[in-house]
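Residue-level structural notes
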Amino acid sequence: MLESITVITLLLSALDRIDLQAVFDRDAYESRRRALPGACLLKVLVVYQMIRTEKLRGLIRTITENAGLQAALGGKVALNTLSNGVRERDVEQMIEAWMRVLQTYGPWLKRMGRKFARIAVVDASLIKLSLLSYSWAEYRKQRGAAKMHAVVEWARGIPQQLVVTTGRVHDLKGAVRLHWARHWTYIFDRAYLGFDFLSTLLEAGAHFVVRFKAGISYRLLERFPVPQTPVTAGFRLKVDWIIRLPGWEGVVLRLVSYRLPDGKLIRVLTDRFDLSATSVAQWYKERWTIENWWKWVKQRFKIKRPIGESENALPVQIVSAFVTDLLLRAFKHSSGFTSSLYEFVSNCQELSLVPLKELTNGALRRALETILKLFDDTSDVKRPLQLAA
């Protein structure tokens, strides 16, 4: 059995355990896409995220030369068929398929402590593109870019939502298309400080922590005593006030200010009165960790160079990166692999086509064999996997 099992075929097997094609079959035109159904397109793009080649021709060549991949994908894939699939596939269908993968394998991931439960960070990041090749990617006069708007769950370090726009779209406008969950707290930079936008969050039963902008007037209602900040916090609390904002008189808010060691003053606005001022400051201070997440996604997965010139191709490609990242994280956390996530993912990508029986990396082989044992013997049974007791 180990002769045909590789990292990639394990990933594809994980996807086979979910009835992803049901998402795409709701499209009346799906029956005409027999050459590359939606679930198969996602699997092909997961292969693309794992191998070294940056081009579709290299991906097609890899599949053509690897019988194990062909078996896992249901046959060879033609270049024109793949190009058309990337260009024409409905992005919302791909996102729904990603959500099904998240629902199935999200529980495999380890969470941080309870204090980080129901907290998410919202941010946007640019992907620079050539306007000559990607005419849709409007950004500046002579420069093109796409912008990824994402909601990242803090406790598990994985994205929950994605919206892709042109680089010209303001962060706040892109975030309007996101959804807000009741009782969750969302952390924003000051680009998201908009009263109508934040009112939408409150109406949904969600909460916010957002950096306050200089120059905005407010009416001070009450001062809370400022506690002594622990030395290990990395900042010093300055104020903890209850305020009202002009034009938003129906809402009472809390303004927490703190000073960093370099003297920089940070002011944070929130509707959370149940938290300590120290917690509010710490939550916003740690918001920068999303920059590490953006860096991780851009460096480890292929999203900086679209595999198609259409506006549709890039978000489809990004979704495939998120799916691949999620599966690799699930494998790492559930396999007993004790080294870092970086080492696990790097090794998996480098050795993605090496059969398990030929792996000389003992730790990686044992981890992948553990995952293999979690899979049922019958490959066509589509139901969520259960972790070993």
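Bear in mind the structure is a predicted one, so any value in this text is a computation, not a measurement.

This part covers the overall build of the protein chain. Along the protein chain, the regular secondary structure elements total 14 helices and 10 strands. In terms of C-alpha radius of gyration, the protein chain reaches 23 Å, essentially the compact-globule figure of 21 Å for 389 residues. By principal-axis analysis of the C-alpha atoms, the protein chain measures approximately 70 × 50 × 40 Å. Burial statistics for the protein chain: of 389 residues in total, 55% are counted as buried. Taking the intrachain contacts of the protein chain between residues at least 6 apart in sequence as the baseline, contacts between residues at least 24 apart amount to 61%.

Let us look at the nonpolar core. Leu82 and Phe344 are the most contacted members of the largest nonpolar core, which totals 110 residues. Top element by residues in this core is helix 12 (residues 313–334). It accounts for 13 residues. Look past the residues within four positions of Phe344 in its chain and what remains in contact with it is Leu328, Phe331, Lys332, Ser335, Phe337, Leu364, Ala367 and Leu368. Counting residues in each nonpolar core, the second largest holds 29 residues, with Ala120, Phe212, Trp241 and Trp248 among its members.

Two elements in contact, helix 3 (residues 38–50) and helix 6 (residues 79–88), have axes separated by 11 Å at closest approach and are oriented at 105°. Taken together, the axis directions place helix 3 and helix 6 in an arrangement best described as roughly perpendicular. Packed against helix 3, whose contacting residues are Leu41, Val44 and Leu45, the element helix 6 presents Leu82, Gly85 and Val86 at the interface. Among the residues making up the contact of helix 3 with helix 6, the classes are represented as 5 nonpolar, 1 polar and no charged.

On the surface, Leu221, Val252 and Phe273 cluster together to form a nonpolar patch covering roughly 220 Å² of accessible area. Within the element layout of this structure, Leu221 appears in strand 7 (residues 219–223).

Criteria and thresholds
Residues numbered from 1 in each chain as written. Predicted model: local features only at pLDDT ≥ 70, side-chain atom pairs only at ≥ 80, totals over all residues. Heavy atoms only, no water. Helix = DSSP H or I, 4+ residues; strand = E, 2+ residues; numbered from the N terminus. Rg over C-alpha atoms; globule rule 2.2 N^0.38 Å. Buried < 20%, exposed > 50% of the residue type's maximum accessible area, 1.4 Å probe, protein only. Contact = heavy atoms within 4.5 Å. Core = buried A, V, L, I, M, F, W, Y, C linked by side-chain atoms within 4.5 Å. Axes fitted to C-alpha atoms, helices over the stretch in contact; angles between N-to-C directions. Parallel < 35°, antiparallel > 145°, perpendicular 65-115°, else oblique. Nonpolar A, V, L, I, M, F, W, Y, C, P; charged D, E, K, R; others polar. Patch = residues over 30% accessible without salt bridge, like charges linked within 9 Å, V, L, I, M, F, W, Y side chains within 5 Å. Areas by Shrake-Rupley, 256 points an atom, 1.4 Å probe, with all protein chains shown as cover. Salt bridge = Lys/Arg side-chain N within 4 Å of Asp/Glu carboxyl O.

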